[in-house]
Amino acid sequence: MNTELKNKIFEKIRNYNRIILMRHIRPDGDAVGSTMGLKALIKAAFPQKEVYIINEDFSDYLSFLGGEDADISREMYGEALGIVLDTASPERISNKKYVLCKELIKIDHHINISPYGDISWVEEERSSLCEMIADFYITFSSELTLPKEAATYIYLGMVTDSGRFRTVSTNSETLQCAAVMLGAGIDTDRLYANLYLEEYDFYKYKAFIYRNMKLTKNGVAYIYIDRKTQERFGLTTEQACNAVSFLDSIKNSIIWLAFIEYPDESIRVRLRSRFVTINQLAEKYSGGGHDRASGATVGSVKEMRALIRDADKLIKEYKETHEGWL
Ligand code: AMP
């Protein structure tokens, strides 16, 4: 699929001596995995090229992968090819200097409401951006090599963004791409240990979430984590944000939400769902995202309540008109 686009991108990679890889702010495994994976692929095939991963923020939880690169001068951007990975809109690019690049490529799997770049390769149905990077490798495998390191980064993004290959967007192609990555000899034991082992205190925090979560009449499960709670458990905002996943397996609750208070008092909302589509709800509250995983921001507790009421109404309508949900 999209062979012509991939050819164009590979040609640009071949032609530029300096390439800058960027991703979205508040990175997840897919954003970090895809940038590090693509860099490792390019460096293995073209060791003489300058390839940088330059962003303005980083993720503590992924620090075991190693760091990114230090920024370079503005002049150096002018001769570079910029590739932005896993980032739906220009506002979310974690490097505002992307505008300085000589040419820009967008590679993404989010809904393409804000196209940007000179070349744009977007496949919305992909379970992860790393799946697209794996596919890119497979397309050009006669010209590229797959070091274990690259396969590990790419596989990490595939595993994390597909919820360990459980999301509905996981299909046979996903697993075929994953199989090729595993073939490079990834140490999955170590990878999963780094990704999924938690401190003892983390389970105390988890218990707190389960004690304090709420459920609306029609089945919206939600939790509000204010700054005080984050301080009490010594959480980074990133750790607090992970609470949304604790609510993902409650029967009858087909929408679940985590509200996290930020230091500037804004409240970030993480929305997740089964069966029912929620990105329009997120868009109503200055956000967006995928059908079943979106993000938004509310400015007050009052607005938070309004969002919960809207989500409850959404479930009510869905349950009245559909069968087969659990
Ligand atoms: P999150 O809960 O922040 O991980 O977001 C889930 C998905 O929604 C991610 O794929 C994000 O790209 C997307 N998303 C999160 N926040 C926003 C936003 N403010 N605007 C548009 N998309 C968002």
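Residues numbered from 1 in each chain as written. Predicted model: local features only at pLDDT ≥ 70, side-chain atom pairs only at ≥ 80, totals over all residues. Heavy atoms only, no water.

### Observations regarding the overall build of the chain
- Helices and strands together make up the secondary structure of the chain, namely twelve helices and eleven strands.
- For the chain, the C-alpha radius of gyration of 20 Å lies close to 20 Å, the compact-globule estimate for 326 residues.
- Taking the principal axes of its C-alpha atoms as reference, the chain extends roughly 60 × 40 × 40 Å.
- Counting all 326 residues of the chain, 48% fall into the buried class.
- Contacts spanning at least 24 positions in sequence make up 64% of the contacts within the chain whose residues lie at least 6 apart.
- Counting only carbon and sulfur atoms, one obtains 49% of the accessible surface of the chain, whose full area is about 15,600 Å². (Helix = DSSP H or I, 4+ residues; strand = E, 2+ residues; numbered from the N terminus. Rg over C-alpha atoms; globule rule 2.2 N^0.38 Å. Buried < 20%, exposed > 50% of the residue type's maximum accessible area, 1.4 Å probe, protein only. Contact = heavy atoms within 4.5 Å. Areas by Shrake-Rupley, 256 points an atom, 1.4 Å probe, with all protein chains shown as cover.)

### Remarks on the sheet that holds strand S1 (residues 18–22)
- A sheet is described by the order of its strands in space; here five strands give the open sequence S2-S1-S3-S4-S5, paired in parallel fashion. The strands lining the two open edges of the sheet, one partner per strand, are strand S2 (50–53) and strand S5 (119–122). Going across the sheet, the axis of each strand differs from the next one's by a mean of 15 degrees, ignoring polarity.
- Sheet topology places S1 next to S2; four bridges connect them, and they run parallel. (Pairing = 2+ DSSP bridges. Axes fitted to C-alpha atoms, helices over the stretch in contact; angles between N-to-C directions.)

### A look at the side chain of Thr-216
- When you line up the elements, Thr-216 lands in the loop between strand S6 (214–215) and strand S7 (220–225).
- Within polar-contact distance, the side chain of Thr-216 engages the backbone nitrogen of Val-220 at 2.8 Å. (Polar contact = N/O pair within 3.5 Å; in protein donor to acceptor, adjacent residues only side chain to side chain.)

### Describing the packing of aromatic side chains
- Under the criterion given, the structure shown has 14 aromatic pairs.
- Note on Trp-121 and Phe-136: the rings are 6.1 Å apart at their centroids and 40 degrees apart in plane angle, and the pair reads as tilted. Within this pair, whereas Trp-121 is found in strand S5, its partner Phe-136 is found in helix H4 (residues 129–139), the two being separated by 15 residues in sequence. Each of the two residues, Trp-121 as well as Phe-136, counts as buried.
- One aromatic cluster is present, built from ring pairs that chain together Phe-202, Tyr-203, Tyr-205, Phe-208, Tyr-210, Phe-233 and Phe-246.
- Sitting above the plane of the Phe-10 ring, Arg-14 keeps its charged end 4.2 Å from the centroid.
- The ring of Tyr-196 has Arg-164 lying over it, and the distance from NZ or CZ to the ring centre is 3.5 Å. (Phe/Tyr/Trp six-rings, centres within 6.5 Å; stacked < 30°, edge-to-face > 60°. Lys NZ or Arg CZ within 6 Å of the ring centre and 35° of its normal.)

### Brief notes about the packing of H4 against helix H6 (residues 172–182)
- At a minimum axis separation of 9 Å, H4 and H6 run at an interaxial angle of 65 degrees. Between H4 and H6, the angle is such that the two are roughly perpendicular. As H4 packs across H6, the resulting crossing turns out to be left-handed. Note on element contacts: H6 touches H4 through Glu-173, Thr-174, Cys-177, Val-180 and Met-181, opposite Glu-131, Ala-134, Asp-135, Tyr-137 and Ile-138.
- Here the residues of the contact of H4 with H6 sort into six nonpolar, one polar and three charged. (Parallel < 35°, antiparallel > 145°, perpendicular 65-115°, else oblique. Left-handed = near helix turned anticlockwise from the far one by under 90°. Nonpolar A, V, L, I, M, F, W, Y, C, P; charged D, E, K, R; others polar.)

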